[in-house]
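Geometric and topological summary
These are the residues of each chain, in order.
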Amino acid sequence: SETLPLSDVNFIVWKKKDTDSDFNKIFGPTPNNNHIDTNTALDQNYCYKIQSINQFGRDTNSDTYCVFIDLNSPIINNVTASPSNNNVTISVNATDNNGSGIKGYYYSMDKNNWNFSASNSYTFSGLANGTHTFYVFATDYADNNSEDKNVQETITSSSSPGSPSGSSGGGG
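None of the values given here were measured: they were computed from a predicted structure.

What counts and what doesn't
- Residues numbered from 1 in each chain as written.
- Predicted model: local features only at pLDDT ≥ 70, side-chain atom pairs only at ≥ 80, totals over all residues.
- Heavy atoms only, no water.
- Helix = DSSP H or I, 4+ residues; strand = E, 2+ residues; numbered from the N terminus.
- Buried < 20%, exposed > 50% of the residue type's maximum accessible area, 1.4 Å probe, protein only.
- Disulfide = S-S within 2.5 Å.
- Pairing = 2+ DSSP bridges.
- Axes fitted to C-alpha atoms, helices over the stretch in contact; angles between N-to-C directions.
- Phe/Tyr/Trp six-rings, centres within 6.5 Å; stacked < 30°, edge-to-face > 60°.
- Lys NZ or Arg CZ within 6 Å of the ring centre and 35° of its normal.

Moving on: unusual backbone geometry. One non-glycine residue, Asn85, adopts positive backbone phi at about 55°. Structurally, Asn85 is set in the loop between strand S6 (75-84) and strand S7 (87-95). A positive phi angle is found at Asn113, which is not glycine, with a value near 50°. Relative to the helices and strands, Asn113 is located in strand S9 (residues 112-117). For Asn113, a relative accessible area of 63% corresponds to the exposed category.

See below:
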């Protein structure tokens, strides 16, 4: 089998949105082997395939490649803190409407050392007595981040679940 130079091959680019039943030709045939699709919308899934046709009319189709364009950040709806002895568990409720989905959360106490977890709750252990501010932000699979939110909690040796001394609020 002989390999033809790219100059002897024409390319056609086919595109399909989730809402389309079939692929539509968006580019070609042309010997140009690259194309930038500027006719896209946010929060939409697009699938592409490439058809190549050599000078003898033989054609091949590529695999189908799909991409999701997500520029929307997740939104944190609520953050709560549950103290127990010298531990505090932070729980988060967040959404990623029409987005790629929430990948996980970054948690920090007093904005020191951010810790990633796929879980919507995280426990800080062995905390010193005193007032601490706990921060959290969500990230999605397109690496968009929510604004951080925070909750304050005062740690004393008598802290117990269900008796939070702080309140949730906006972070910065």
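The final tally for this structure, using the stated rule, is 1 disulfide. Two residues, Cys47 and Cys66, share a disulfide whose sulfurs are 2.1 Å apart. Judged by the sign of its S-S torsion, about 100°, the bond between Cys47 and Cys66 is right-handed. Of this pair, Cys47 sits in strand S3 (residues 44-54) while Cys66 is found in strand S5 (residues 65-69), placing the two residues 19 residues apart along the sequence. Classification of Cys47 as buried rests on a relative accessible area of 11%. Note on Cys66: relative accessible area 44%, which makes it partly exposed.

Pairing geometry for S6 and S7, over 9 bridges, is antiparallel. Looking at the pairing, Pro83 lines up with Val88 of S7.

All right, on to the sheet that holds S7 then. The strand order S6-S7-S10 describes an open sheet built from 3 strands, whose pairing is antiparallel. The sheet is open, and its two borders are formed by S6 and strand S10 (121-124), each paired with just one other strand. If you compare each strand with its neighbour and ignore which way they point, the axes differ by 20° on average.

Under the criterion given, the structure shown has 8 aromatic pairs. On the numbers, 5.0 Å between centres and 15° between planes, the contact of Tyr106 with Phe137 is stacked. Of this pair, Tyr106 sits in strand S8 (residues 102-109) while Phe137 sits in strand S11 (residues 130-140); the two residues are 31 residues apart in sequence, bridging distant segments of the chain. For Phe137, a relative accessible area of 17% gives the class buried. Centre to centre, the rings of Tyr122 and Phe124 are 4.9 Å apart; their planes meet at 70°, and the pair counts as edge-to-face. Here the aromatic cluster, defined as three or more aromatic residues joined through ring pairs, consists of Tyr105, Tyr107, Tyr122, Phe124 and Phe134. In this structure, Lys49 packs its charged tip against the face of Phe23, placed 4.6 Å from the ring centre.

Treat this as a map of the structure, not an account of what it does.
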